[in-house]
Amino acid sequence: MDDWREQRERAVRAHASAEERRRADEAAEAARLAVWFAAEADRRGLRRTRLTVQPHHGGGRYRSRLTGWYVDRARRRAVDARGNFYLLADPPSLRARLFGADPQPQPAPLIVGQGGRDGESIPLRTLLTRRLDAGDDWP
């Protein structure tokens, strides 16, 4: 009986380790795509814009010190000139309304919107390529 438990625990640890490696590989690939996007956007001469942050609930937007490119039409995801990926949504805050928001870089997902309630997801590479192809005519 103890031998079976040991085998099971080893199998669970091996599975968890493989999952961790897979996630790390995906995160590294997504980070490379974001850096590629920033370099390609600069090479193509796409204008950077001052990025704003949207509160989770309610209207309006908060200023930020970041410049870069929105990569989705909702203006909730962006990449800065260094290739850092940002989710531009914060809880409502009087401080952010008065002084601006300070979003931090997030790990970019390989599949944007995966697991979301609306069921719409798109590979990060596709999203970034569409943004590049749109040029400065991005809404």
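This is a predicted model, so every value here is computed, not measured. (Residues numbered from 1 in each chain as written. Predicted model: local features only at pLDDT ≥ 70, side-chain atom pairs only at ≥ 80, totals over all residues. Heavy atoms only, no water.)

Colleague: Provide a residue-level description of unusual backbone geometry, including the pertinent values.
Modeller: Backbone geometry follows two general trends: most residues other than glycine have a negative phi, and most peptide bonds adopt the trans configuration. Phi angles above zero are rare outside glycine, and Arg75 is one such case at about 60°. When you line up the elements, Arg75 lands in the loop between strand 2 (62–70) and strand 3 (77–80). (Helix = DSSP H or I, 4+ residues; strand = E, 2+ residues; numbered from the N terminus.)

Colleague: Could you give an account of the nonpolar core, naming the residues involved and the relevant values?
Modeller: Within soluble globular proteins, side chains that are nonpolar tend to cluster in buried spots. Of all hydrophobic cores here, the largest spans 17 residues; its most connected members are Phe37, Ala41, Trp69, Val71, Val79, Leu124 and Leu128. For this core, the element with the highest residue contribution is helix 1 (residues 2–44), accounting for five residues. In this structure, Tyr62, Tyr86, Ala101 and Trp138 belong to the second largest nonpolar core, which totals eleven residues. (Core = buried A, V, L, I, M, F, W, Y, C linked by side-chain atoms within 4.5 Å. Buried < 20%, exposed > 50% of the residue type's maximum accessible area, 1.4 Å probe, protein only.)

Colleague: Residue-level account of the packing of aromatic side chains, with values.
Modeller: Under the counting rule described, the total for this entry stands at one aromatic pair. Between Phe37 and Trp69 the ring centres are 5.8 Å apart and the planes differ by 85°, which places this aromatic pair in the edge-to-face class. Of this pair, Phe37 sits in helix 1 while Trp69 is found in strand 2, placing the two residues 32 residues apart along the sequence. (Phe/Tyr/Trp six-rings, centres within 6.5 Å; stacked < 30°, edge-to-face > 60°.)

Colleague: Describe the sheet that holds strand 5 (residues 89–90), naming the residues involved and giving the relevant values.
Modeller: Within a sheet, adjacent strands bond to each other through the backbone by hydrogen bonds, running parallel or antiparallel. Reading across the sheet, the five strands line up as 4-3-2-1-5 and stay open at both edges, with mixed pairing between neighbours. The open sheet is flanked by strand 4 (85–87) and strand 5, the only strands paired with a single partner. (Pairing = 2+ DSSP bridges.)

Colleague: Outline the pattern of salt bridges, supporting the account with residue identities and numerical values.
Modeller: Enumeration according to the criterion identifies twelve salt bridges in this entry. Across the pair Arg10 and Glu6 runs a salt bridge, and its minimum N-O distance is 3.7 Å. Residue Arg10 and its partner Glu6 are located together in helix 1, separated by four residues, close to a single helical turn. Taking relative accessible area as the criterion, Arg10 reaches 43% and is therefore assigned partly exposed. Judged by relative accessible area, Glu6 falls into the partly exposed class, the value being 44%. Here Glu29 ties to Arg125 by a salt bridge, and the two come within 3.6 Å at their closest N and O atoms. With Glu29 in helix 1 and Arg125 in helix 3 (residues 124–134), the pair connects residues that are 96 residues apart, well separated along the chain. (Salt bridge = Lys/Arg side-chain N within 4 Å of Asp/Glu carboxyl O.)

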